[in-house]
Amino acid sequence: MDVAIVGIGMHPFGRHPGVSGLEQGAYAVRQALADAGIGWSEVECAFGGSASAGNADSLVSNLGLTGVPFVNVYNGCATGGSALAMADRAIRSGDYDLTLALGFDKHARGAFNANPESAGIGRWYGETGLMLTTQFFGMKIQRYLHDHGLPADILAKVAAKAFRNGSLNENAWRRKPLSEEEILAAPMLSNPLTQYMFCNPGEGAVALILASADKATRYTSHPVYLKSVSFKTRRFGSFEVFSPWLSPERAPGPTVEAAAAAFEAAGIGPEDIDVAQIQDTESGAEIMHMAETGLCKDGDQEALLRSGATEIGGKMPINTDGGCLANGEPIGASGLRQVYENVLQLRGAAGARQVPGQPKTAFTHVYGAPGISACTVMSV
Amino acid sequence: MSDVAQASKVAGARPVADGLFTWPDNPKLLASSCNSCGTTTFPTQSSCPRCTGSDMREVTLATRGRLWTWTIQGFEPKPPYAGPAPFEPYGVGYVELAADADGASPVLVESRLSESTPERLVIGAEMDLEIVPFRTDDDGTEIVTFSFRPAGGA
């Protein structure tokens, strides 16, 4: 049974004082229901979650006590991707025809502060200032640039593109374009990454209504088909966050396997993708993930960025909604934002940031702690 | 090793955690090596994440190794960070160290770096272990931790 996305809803990303994460989640669900032209009582099965804004299943007291089976997902940066994977499987299994995937979140200001003990590491690791995601990102891209002979100024190109695209997105948080010079001149948070090369923890929600493909046109005139969803965790030797040690034996990150599995299941390759949303927690992540997903080869990023290939009008548009850099990262919602953007692009409804030439295929990729990745391939 | 000698002389000084390094005499990082596949972990652990075995022995690590990657922590981390005030940026990196035991693989250890000037941190450069004062507890106890500095540096 193939699966189609027939309804999409989003609560704008950013900061929303006085509006809880759950309320933002409920808002996104109502938007998605309206988009599919259905009521809450028609949803047969639901999967959702947040990292720090409460249990998704408690939303039934807001949306309606319809008896719907509602599964909470608590899977770090892959929360949205995992919810989508299960909502997709619920239909493919033949058990359901109409399901919901939901992600929402609301985080405090500033970098995430992690608890060493909950990650199975001694308290000394946090106490001595080693347990920061930002540090890890700095060290990972530092090594990547070194290994592949890439210059650090391309990091500013990625960020400038993100803010330029975000300025065209009414749901984005950061909507002011910034020049590469401004980005490079910002305070250095973790070499080689400056303040404007990092996304911020934020708030927001995204909901998706999925239907079995044979019934999709009951709900929408523009069904977008979810060709594949894959989700992988790390292998030994992968360079991941919060690692007091690493093996000198390097293995590919979880992205490589997740992307390859998604493409294989979809029956198309990275070269066939018309628009892609990939995890850009910081500028370096987008550069590394371009290669890990198979969209390009290691070291080819500089030429692609300098030629404008990853711009909205380029041959390989990436993060057309401004990505995490312009939208911030409400952990639970982030992966589903990418899918939302691809649905708009494939419907031809992305407005000022529409990829020209009627894109037919799209790809999403999330990556996060402690070494997880989820990817999707979509088509019309 | 002057900093090490200095730290060990301070009355009531203690390491930030037990089991990370030998101290105060002849300081070395403490690690585990898997007797089945040779994988070395830091700090010590009772099982092997590579081969899933649980036959591990304690080994010490070389005090000189090569810098694998680095960054500078440019802003004050949130708790549980407990560094000295006022905050000063510090270097962080992974240093590749051999194990002092036959059959034990090298390991990349994440560490604070005593150098925080970007121009002085070079991937592939030799780095030396040192045990350095980190902060002072409320009761006046000096807390020491491990760090690496460029070899041959001042």
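Structure: above.
So, here's what we can say about the structure. (Residues numbered from 1 in each chain as written. Chains lettered and ligands numbered in written order. Predicted model: local features only at pLDDT ≥ 70, side-chain atom pairs only at ≥ 80, totals over all residues. Heavy atoms only, no water.)

Residues and elements named next belong to chain A. Between helix 5 (residues 133-148) and helix 9 (residues 283-292), the shortest axis-to-axis distance is 9 Å and the interhelical angle comes to 55 degrees. What the angle tells us is that helix 5 and helix 9 run oblique. Classified by chirality, the crossing of helix 9 by helix 5 is left-handed. Residues Lys140, Ile141 and Tyr144 of helix 5 pack against Gly284, Ile287, Met288 and Ala291 of helix 9. Partitioned by chemical class, the residues of the contact of helix 5 with helix 9 number five nonpolar, one polar and one charged. (Axes fitted to C-alpha atoms, helices over the stretch in contact; angles between N-to-C directions. Helix = DSSP H or I, 4+ residues; strand = E, 2+ residues; numbered from the N terminus. Parallel < 35°, antiparallel > 145°, perpendicular 65-115°, else oblique. Left-handed = near helix turned anticlockwise from the far one by under 90°. Contact = heavy atoms within 4.5 Å. Nonpolar A, V, L, I, M, F, W, Y, C, P; charged D, E, K, R; others polar.)

To continue, consider the sheet that holds strand 4 (residues 56-60) of chain B. Residues and elements named next belong to chain B. Read across the sheet, three strands follow the order 3-2-4 without closing on themselves; strand pairing throughout is antiparallel. Only two strands of the sheet have a single partner each, and these edge strands are strand 3 (40-41) and strand 4. Examined bridge by bridge, strand 2 (residues 30-34) and strand 4 share five bridges and lie antiparallel to one another. Each residue of the ladder has a partner; that of Ser33, found in strand 4, is Arg57. (Pairing = 2+ DSSP bridges.)

Here the focus is the interface of chain A and chain B. Facing 36 residues of chain A, the contacting portion of chain B comprises 44 residues. Taken together, the two surfaces of chain A and chain B that pack against each other cover about 3400 Å², and 62% of this comes from carbon and sulfur. Its largest share of buried area at the contact with chain B, chain A owes to Trp124(A), Glu127(A) and Trp245(A), together 21% of the area lost on that side. In this assembly, chain A and chain B are joined by two salt bridges. Its salt-bridge partner being Arg135(B), residue Glu127(A) comes within 2.3 Å of it at the nearest N-O pair. The interface formed by chain A and chain B contains 18 residue pairs in polar contact (both at pLDDT 80 or more). Among the elements of the structure, helix 4 (123-127), helix 5, strand 5 (188-190) and strand 9 (245-246) of chain A are those that each provide at least two residues to the side of chain A that touches chain B. The dominant element in the side of chain A that touches chain B, judged by the number of residues it contributes, is helix 5 of chain A, at seven residues. Residue classes in the side of chain A that touches chain B are distributed as 16 nonpolar, 14 polar and six charged. (Buried area = accessible area lost by both parts, 1.4 Å probe. Salt bridge = Lys/Arg side-chain N within 4 Å of Asp/Glu carboxyl O. Polar contact = N/O pair within 3.5 Å; in protein donor to acceptor, adjacent residues only side chain to side chain.)

Attention now goes to the sheet that holds strand 7 (residues 203-212) of chain A. Backbone-to-backbone hydrogen bonds join strands into a sheet, with any given pair of strands oriented parallel or antiparallel. Residues and elements named next belong to chain A. Read across the open sheet, the nine strands follow the order 3-2-4-7-1-8-12-11-10; overall the sheet is mixed. In this open sheet, the two strands that pair with only one neighbour each are strand 3 (70-72) and strand 10 (275-278). Within the sheet, the average angular offset between the axes of one strand and its neighbour, ignoring direction, is 20 degrees.

Further remarks concern the pairing of strand 12 (residues 372-379) of chain A. All names here are of chain A. With eight of its eight residues buried, strand 12 lies for the most part within the structure. Neither face of strand 12 is exposed, since Ile372, Ala374, Thr376 and Met378 on one face and Ser373, Cys375, Val377 and Ser379 on the opposite face are all buried. In this structure, strand 8 (residues 224-233) lies alongside strand 12, joined through eight bridges in antiparallel fashion. Note that in strand 12 the partner of Lys232 across the bridge is Ser373. Note: strand 11 (residues 361-368) against strand 12, eight bridges, orientation antiparallel. Residue pairing across strands places Thr361 opposite Ser379, the latter belonging to strand 12. (Buried < 20%, exposed > 50% of the residue type's maximum accessible area, 1.4 Å probe, protein only.)

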